Amino acid sequence: MGVMRRSSLAAAAASLLAAAVPATASATEVQLGQTSSPLVAPTCPPGTSAANCTILLTKMTGVETMSDSTLFPTRVKQPGVLFAMTLGISSAAKAYVSSLDKTYGGAPSAELTVLRPLGSAGRYRFQVVAQSPAQTLTAYQGSVEQFPLAQALPVVPGEIVALSTGTWAPVLAIDQSKTSFAYRQPVVATPQTPGAKPSCWQTTLGTPLSIGNQNSYGCNYAGTRIEYTATEVTTPTPSAAIRLSRRISRENRHRRPRTIRR
């Protein structure tokens, strides 16, 4: 109930930035992915059966391509450092946690993945250039949580922040406006049919991408929103961001997740 203050993380990042760059530069906190609709813990739409409540991102990297009609809302516009991620985590899967853990190889988890666009915009092809350590989500179902990154990530303009899970994450808000919300996943092959062409029909058989991987995000899901944002502190230059990321990483080791909303 209610909103808890997030000032401690922002203040820490601001003070670190002041120590890392010239005094004339000021720290600016940016919420990449934040649009007019606040993050929520997804729920199953009324009358939706458990089988049709597709709120799970499973063993996959997904990138928000449109939110509240804003294209690529997590695109980086200034050099800086990602130091926290905020997730809306559904409680709808609580009754099935044991089964889901077994099916997808572990407890629910999520991590930020930084993508670099390759080629023309219409190809939706990206290369993974950075990833944060995975965060376990079991204890946070049914809330919006901000997680400090154990390893802060330097980013540069043009890169896009995606969300990955090596297991499963109940972070998809479904039945949204198809003209206002959408996300994409990579096309994957189907292991049951050796030699078959990759397709989107069973993306749960995919895997999250690793650093250096290149892939086409050909699977488009209109009307679904991934409930995540990434908190960036901007810097004057990429080299300043690298220096700052090391300092923030040391500080974040002692910081705990914060509940934003239940």
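Above: the structure in question.
1. Side note on the packing of aromatic side chains
Now for step 1: One pass over the structure, following the stated rule, counts five aromatic pairs.
Now for step 2: Ring geometry for Phe72 versus Tyr124: centroids 6.3 Å apart, planes at 35°, classification tilted. With a gap of 52 residues between them, Phe72 in the loop between strand 3 (70-71) and strand 4 (80-89) and Tyr124 in the loop between strand 5 (109-118) and strand 6 (125-131) connect regions that are remote in the sequence.
Now for step 3: With a relative accessible area of 24%, Tyr124 lands in the partly exposed category.
Now for step 4: Judged by centre distance (5.1 Å) and plane angle (20°), the rings of Tyr183 and Tyr221 are stacked. Residue Tyr183 is located in strand 11 (residues 182-185), and its partner Tyr221 is located in strand 13 (residues 219-222); the two are separated by 38 residues in the primary sequence.
Now for step 5: By relative accessible area, which is 24% here, Tyr221 ends up partly exposed.
Now for step 6: An aromatic cluster is built from Phe72, Tyr124, Phe126 and Tyr217, whose rings are joined through pairwise contacts.
Now for step 7: When the ring centre of Tyr124 is taken as origin, the NZ or CZ atom of Arg184, which lies over that ring, is 3.6 Å away.

2. Topic: the nonpolar core
Now for step 1: Counting 35 residues, the largest nonpolar core has Leu82, Met85, Leu87, Leu112 and Leu163 as its most contacted members.
Now for step 2: Mapped onto this core, the elements with two or more residues apiece are strand 2 (57-67), strand 4, strand 5, strand 6, strand 8 (143-155), strand 9 (160-169) and strand 15 (228-234).
Now for step 3: Sorting elements by how many residues they give to this core places strand 9 first, with five residues.
Now for step 4: Counting eight residues, the second largest nonpolar core, distinct from the first, contains Val81, Ala84, Ala152 and Ile248.

3. Examining the pattern of salt bridges
Now for step 1: Within the structure shown, the criterion is met by three salt bridges.
Now for step 2: A salt bridge links Arg116 to Glu159; the nearest nitrogen and oxygen atoms lie 3.1 Å apart. Taken together, the residues Arg116 in strand 5 and Glu159 in the loop between strand 8 and strand 9 connect sequence positions 43 residues apart.
Now for step 3: The shortest N-O distance in the salt bridge between Arg225 and Glu227 comes to 3.6 Å.
Now for step 4: On the accessibility criterion, Arg225 (4% relative accessible area) is buried.
Now for step 5: By relative accessible area, which is 2% here, Glu227 ends up buried.

Cut-offs used in this document
- Residues numbered from 1 in each chain as written.
- Predicted model: local features only at pLDDT ≥ 70, side-chain atom pairs only at ≥ 80, totals over all residues.
- Heavy atoms only, no water.
- Phe/Tyr/Trp six-rings, centres within 6.5 Å; stacked < 30°, edge-to-face > 60°.
- Helix = DSSP H or I, 4+ residues; strand = E, 2+ residues; numbered from the N terminus.
- Buried < 20%, exposed > 50% of the residue type's maximum accessible area, 1.4 Å probe, protein only.
- Lys NZ or Arg CZ within 6 Å of the ring centre and 35° of its normal.
- Core = buried A, V, L, I, M, F, W, Y, C linked by side-chain atoms within 4.5 Å.
- Salt bridge = Lys/Arg side-chain N within 4 Å of Asp/Glu carboxyl O.

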